[in-house]
Each structure stands twice: as structure tokens, then as C-alpha cells.
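# A structural walkthrough
One-letter residues, chain by chain:
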Amino acid sequence: MPPENKLPDAAQRVADLLARNGHAGPIVMLPATGKTSAQAAAGLGCTVAEIAKSIVFRRLADDTAVMVVASGANRVDEQKIAALVGPLGKADAAFVRQHTGYSIGGVCPIGHLRETIILVDQDLLRFDSVWAAAGHPHAVFKLTPRELLALTGAQAVDVASRNLA
């Protein structure tokens, strides 16, 4: 890759990890940040629901990182997550970087520095493909929901808040 097209270090780590796992798709660098699902969707020309956003919590019992990979259209119900993994606390930027190796806004669902519990929003399974962060706020990659489950070893669960009003 020519120097002007060189990926940022964290995104290159993700590209290398994907290649080692047989994922042939490229890392896409968005011209504007993809820190939010709406920003990423606008840059990719897809729906917000097709963005696989990563949200990290801290499990209070043992300070393990708990990552929820949710549809960008969904709000995550912390009570549903806590029912699966135990009481949760806030994960600040330092905790997220220390456990995953990525900065908030570019947290990839794979390649974490420490053991991370990963749960995938079952709503993502309705799409042919989704876009996930690739280690940098401008970097994303496309994969199928089944590939996401296989790469993360996660289970698909109901994590979304449902308005009953």
C-alpha cells in the first residue's frame, strides 16, 4: 500500500487479524469520522441499523470488559445485559483502551488485549451484511452477521430497549 494510503496502526492491526482469520474484505477509511452510527452510515451510504456499534461496559464483580455489538438503530438495555453477565458499571475511556486496545469511537469487536465478554444484538442477524469499527474512528469493515459471531465467539441475544408506550 502506498504511504499516502497507509492505514493507522490500530486499523492495520485489525486488517492483519482479519486476514489471518480468512476475511478478505478491506478496511474502509471514511473521509469523516464514524464515531457515531449516524456518521458512519452517512459515510457508507447504508442505514444506521446496519452499523454494528460497539459499547463497552465494566462488569462490577471482576472488572471484566463486557462489549455489546448492537445495531446502530437500537438503544442498549443495560438491565438485559446485566441479567446475562451480572451487574455493570461505566467503562471510561482509559478502561476501554486498557481492555480492548482501542479508543472509544473506533472499538473493533475483535483483537482485544484482555478477555472480553462479547454479546451481539440479535437484530443484526436480519441483515446480509453489517459494518463494524476497525480500530480507528475513521476505519470500518464489512462482514456478515454470521462472520461477526464466528470472529468474536459471541452469542446473539436480545439487548435492545423496547418502547412499550
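Shown above is the structure to which this text applies.
The present account deals with the structure reproduced in this document.

Rules behind the numbers
Residues numbered from 1 in each chain as written. Predicted model: local features only at pLDDT ≥ 70, side-chain atom pairs only at ≥ 80, totals over all residues. Heavy atoms only, no water. Helix = DSSP H or I, 4+ residues; strand = E, 2+ residues; numbered from the N terminus. Rg over C-alpha atoms; globule rule 2.2 N^0.38 Å. Buried < 20%, exposed > 50% of the residue type's maximum accessible area, 1.4 Å probe, protein only. Contact = heavy atoms within 4.5 Å. Areas by Shrake-Rupley, 256 points an atom, 1.4 Å probe, with all protein chains shown as cover. Lys, Arg positive; Asp, Glu negative; His and termini not counted. Charge placed at Lys NZ, Arg CZ, Asp CG, Glu CD. Salt bridge = Lys/Arg side-chain N within 4 Å of Asp/Glu carboxyl O.

A few words on the overall build of the chain. When its secondary structure is counted, the chain shows five helices and eight strands. Over its C-alpha trace the chain gives a radius of gyration of 15 Å, about what one expects of a compact globule, namely 15 Å for 165 residues. Projected onto its principal axes, the C-alpha coordinates of the chain cover approximately 50 × 35 × 25 Å. The buried share of the chain, taken over its 165 residues, is 49%. Nonlocal contacts in the chain, meaning residues at least 24 apart in sequence, comprise 61% of its contacts between residues at least 6 apart. Total accessible area computed for the chain in this model is approximately 8400 Å², and 51% of it derives from carbon and sulfur atoms. With 16 positive and 15 negative side-chain charges, the chain shows a spacing of 3 Å between the two charge centroids.

Inspection of every chain in the model, using the stated rule, returns four salt bridges. Where Lys 6 meets Asp 9, a salt bridge forms, and the shortest distance between an N and an O atom there is 3.9 Å. For Asp 62, the salt bridge is made with Arg 59, and the minimal N-O distance between the two is 2.7 Å. Judged by its relative accessible area of 40%, Asp 62 falls in the partly exposed class.

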